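Per-entry structural report
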Amino acid sequence: MTRFLKNLVLVPIAIVLIALAVANRHVVTLSLDPFNRVDPALSIDAPLFWILFAAVAFGVFIGGVASWAAQGKWRKEARVKRREADRWHSEADRLKAQQEGSIGGGKAITSRSAA
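So, here is what we can say about the structure in this document. (Residues numbered from 1 in each chain as written. Predicted model: local features only at pLDDT ≥ 70, side-chain atom pairs only at ≥ 80, totals over all residues. Heavy atoms only, no water.)

This brings us to the pattern of salt bridges. Throughout the structure, instances matching the rule amount to 1 salt bridge. The shortest N-O distance in the salt bridge between Glu91 and Arg94 comes to 2.6 Å. Taken together, the residues Glu91 and Arg94, both in helix H3 (residues 72-103) and 3 residues apart, mark about one turn of the helix. When its relative accessible area of 30% is taken as the criterion, Glu91 is described as partly exposed. According to the relative accessible area criterion, Arg94 is partly exposed, its value standing at 44%. (Salt bridge = Lys/Arg side-chain N within 4 Å of Asp/Glu carboxyl O. Helix = DSSP H or I, 4+ residues; strand = E, 2+ residues; numbered from the N terminus. Buried < 20%, exposed > 50% of the residue type's maximum accessible area, 1.4 Å probe, protein only.)

A few words on the packing of aromatic side chains. Using the criterion set out here, one finds 2 aromatic pairs in the structure. Where Phe49 meets Trp50, the ring centres are 5.8 Å apart and the plane angle is 35°; that geometry is what we call tilted. Residue Trp50 is classed as exposed on the basis of its relative accessible area of 54%. Aromatic side chains Phe49 and Phe53 sit 5.9 Å apart centroid to centroid with 75° between the ring planes, which places their arrangement in the edge-to-face category. (Phe/Tyr/Trp six-rings, centres within 6.5 Å; stacked < 30°, edge-to-face > 60°.)

Take a look at the structure:
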């Protein structure tokens, strides 16, 4: 079911992206020098769809980094809770082994009856 829904969303997006790439395949100049329009110090000649795709990819990357940074406190809390749970599990295992050792160490378990 999730595969169908994923395809239902991704196939139209892929069709739109292919149409965008075909319609915008002419070469444009991306200038990163705002002071010299005639002879820019840093410019890139590339098809327009490459520049658009790069801008989208850059935005996705920046959004991912921001999301990862915002979730740092939750990752730290999970690490602390995991260490605490490991400590409690090892304590429970130690007490269980100690209890089994004292029961199996020659002490007989007697049942008391009311009679």
